[in-house]
Every structure is written in C-alpha cells, then in structure tokens.
Amino acid sequence: MAQELDTRTRGRTARGRLRALDAYLCQLEAPLLTRDDGPWARAAFVDVGFGEHPWTTLESASAFRALNPELSVVGVELDPERATAAARDHADARTHFREGGFALPLTPDEPARLVRAMNLLRQGAPERIPEAHRAMSRHLLPGGLLVEGSSDTDGAVLVAHLLRRTPETEAPTREGLLFHTDFSRGFAPLLLRDWLPRDLRRRVRPGDPMHAFFQAWEAAWKAARTEGHTAPPDAFAESAVRLARTTPGVATDAWLLARGFLRWSPPGGTPA
Ligand SMILES: C[S@@+](CC[C@H](N)C(=O)[O-])C[C@H]1O[C@@H](n2cnc3c(N)ncnc32)[C@H](O)[C@@H]1O
C-alpha cells in the first residue's frame, strides 16, 4: 500500500520560535504580504502544521498585519483536536483554523500568497518531499512563496527552503535557502547543517553541491576568525561576505547579515 504523504507527528511548538522568520518575511517579502490587486486582495497566509497551540500562527498574523491589516490567515493542522481547539479559542473574522494536510483545506476562491510549513517534514521518506512541496504550492498565486524547513525548539537556529510558484510549472521553483542563527548557540557553519530541511539533510556528502557549499562556508569562516573576527556575529557576517566571493547567489545585504541571516540563491536553483 502506498504510504500516506501526510503523517502524524508530535505537536511541540513554542512562542517566538518563528519570530526571526516573520522578521525576514516582513523585511524581504513586504510586496508579497501587501499586494491587493485582483485575487491578491483575498490571498491568505497559510500556516501548515501549527502544532498543539497556534502560537506561531498568531504571532505571524500579528507581524504580517502590521503591513497588511486585512490579511486573511489560515492555520492548518492534521490533528483534528488541535484544529478544533484552535478554532474555538482563537478564530475571528480573518483568522481561521482548519483540519487538513498538504493538500490544504482552502476553497477555490481562497488563493494563498504565502504558505509556511515549519518543523513538520521531519519524518517520512525524503523522496516524497517534492510531492509535498507541489501539493502545498497548488493554491499559491504565481509569485507566491512556500517556506518549508526546520528549526531547533526555540528558533535559535533555523534553515528553510524558499520555493516560488511560477505561472509555468506546477512544481515550485527552488529559489533559495535561508539560514538563520540568533548566536545564542555561538556560530559555526556546521551548526546550520544540522537543521537543513529534510530533503537536503543527507545530501552533504563529498561530490554533492551542498557539501561544496558547506566546505566553502567553513573555509570562509576559518579565514574570518584567523583575521580576528572571532565574536560569533562578526565571524558570521565576515564569513558570509567571504563566501559570496567564491559562491554565486550568497546575499550580502547589511540587514540580513546584521541579524544572522544568510540567503543562498544558487543561479541554477537550490540543489535537489
Ligand atoms: C512539531 S509541530 C510544529 C509546530 C509549528 N509549525 C512550529 O514550527 O513550532 C508539527 C505539527 O504539524 C502537524 N502536521 C504534521 N504533518 C502535517 C500535515 N501533513 N499537514 C498538516 N499538519 C501536519 C502535526 O500534527 C504537528 O501538530
């Protein structure tokens, strides 16, 4: 029998866990969050797998509504009891909580602008991930974004796929990877490798592009430290600038580097 794509997982979450990701999206994706022409006026932010309490959904709703007060928000949970409890305690006219899986329980006149799926694709076969990405992208308007990845329990270290819906293809474009640390665990590139999204975690072997990326970042970080950039935030920022010299697609915007974000958008897309 074919294995279900949606699989039950534990619901652990924490307040503030995805706050850094909210800040990134508000800063770098404000046009996406605020667009209101045509179908975009109805386009929702969808949080897939919000967990045993919808804290992160509500925090993101509040952050994104500072830019777009009319934003519709839909929290989705595979676990029916979590969906029912969240709807009972936290729903309002623009905030909905529904039972559902990767196919997303949205009506045909409810498009999505942003779909987030953090910390739920930890189990299951990595080969099924593209199918999950496709399913979660289906309701996105062209230009819409799917963010899928992992973080530690309090969000101090996070890595996520940035996947963009295009008008041409059903599969979203693998636009880039977003790495983040708040430096509370110090910093070394290998700290981030441990939180790679599920489909990339086993792809850091010699010969793989992810391996070459981490080798280059590690070398840049060691060189930065040798030059005296030893404090973790300084070593991080300097390593990113050095990495960008050898690795195409590494963003060096000051806003990102000062806050512990490295975005890598390789010219050919994130390695599959
Ligand atoms: C570890 S919690 C993550 C909560 C929150 N997203 C976070 O990052 O803190 C994962 C939740 O995702 C739900 N889940 C797992 N697979 C799912 C799927 N295919 N569709 C919707 N929810 C799913 C689980 O029921 C669980 O409550």
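It should be emphasised that the depicted structure is a prediction, and the values quoted were computed from it without experimental measurement.

Section: the site of the ligand
Point 1. Not every one of the 22 residues close to the ligand is listed here, only the nearest: Asp6, Thr13, Gly49, Glu77 and Arg82.
Point 2. Between the ligand and Glu77, the relevant distance is 2.4 Å, taken from an oxygen atom to a side-chain nitrogen or oxygen of the residue.
Point 3. At a separation of 2.9 Å, a nitrogen atom of the ligand approaches a polar backbone atom of Met118.
Point 4. When isolated, the ligand has an accessible area of 600 Å², and the protein chains bury 97% of it.
Point 5. When the residues that make up the shell around the ligand are grouped by side-chain class, the tally is seven nonpolar, nine polar and six charged.

Things to note about the packing of aromatic side chains
Point 1. Using the criterion set out here, one finds 16 aromatic pairs in the structure.
Point 2. On the basis of an interplanar angle of 75° and a centroid distance of 5.4 Å, the ring pair of Phe50 and Phe97 is categorised as edge-to-face. Within this pair, whereas Phe50 is found in the loop between strand E1 (44-48) and helix H3 (55-65), its partner Phe97 is found in strand E3 (residues 95-99), the two being separated by 47 residues in sequence. With respect to class, Phe50 is no different from Phe97; both count as buried.
Point 3. With a centroid separation of 5.1 Å and 85° between ring planes, the pair formed by Phe187 and Phe236 is classed as edge-to-face. Of this pair, Phe187 sits in the loop between strand E7 (173-181) and helix H6 (189-193) while Phe236 is found in helix H8 (residues 232-246), placing the two residues 49 residues apart along the sequence. Here Phe187 matches Phe236 in class, with each residue buried.
Point 4. Sitting above the plane of the Trp55 ring, Arg15 keeps its charged end 3.7 Å from the centroid.

Remarks on the pairing of strand E2 (residues 73-77)
Point 1. With five of its five residues buried, E2 lies for the most part within the structure.
Point 2. Every second residue of E2 is oriented toward a common face, with Val73, Gly75 and Glu77 on one face and Val74 and Val76 on the other, all of them buried.
Point 3. Alignment of E1 against E2, held across four bridges, turns out to be parallel. Bridge assignment links Val46 to a residue of E2, and that residue is Val74.

Procedures and definitions
Throughout, residues of each chain are indexed from 1 in the direction in which the sequence is written. Reporting in this predicted model follows two pLDDT cut-offs: at least 70 for local features of residues, and 80 or more for side-chain atom pairs to be given and counted; totals over whole chains, interfaces and linings ignore these cut-offs and use all residues. Values reported for side chains reflect all heavy atoms of the structure, with hydrogen atoms and water molecules removed beforehand. In this text, near means that some heavy atom of the residue lies within 4 Å of the molecule or strand in question. Each polar contact in these results corresponds to two N or O atoms within 3.5 Å; when the atoms are within protein, one needs to be able to donate a hydrogen and the other to accept it, and residues that are neighboring in sequence are counted only if both atoms are side-chain atoms. Using a 1.4 Å probe, the Shrake-Rupley method yields the accessible areas, and only the shown protein chains count as cover for residues. Note that Gly is not counted as nonpolar here; it falls among the polar residues with everything else outside the nonpolar set of Ala, Val, Leu, Ile, Met, Phe, Trp, Tyr, Cys and Pro and the charged set of Asp, Glu, Lys and Arg. Aromatic pairs are defined between Phe, Tyr and Trp rings, using the six-membered ring for Trp, whenever the two ring centres lie within 6.5 Å; interplanar angles under 30 degrees are classed as stacked, those over 60 as edge-to-face, and all others as tilted. For helices the rule is a DSSP run of H or I covering at least 4 residues; for strands it is a run of E covering at least 2, with both sets numbered from the N terminus onward. Here's how the labels work: a residue is buried when its accessible area is under 20% of the maximum for its type, exposed when over 50%, partly exposed in between, all with a 1.4 Å probe on protein chains only. Placement of a charge over a ring requires the Lys NZ or Arg CZ to be within 6 Å of the ring centre, with the centre-to-atom vector within 35 degrees of the ring normal. Two strands pair under a simple rule: DSSP has to find at least two bridges between them.

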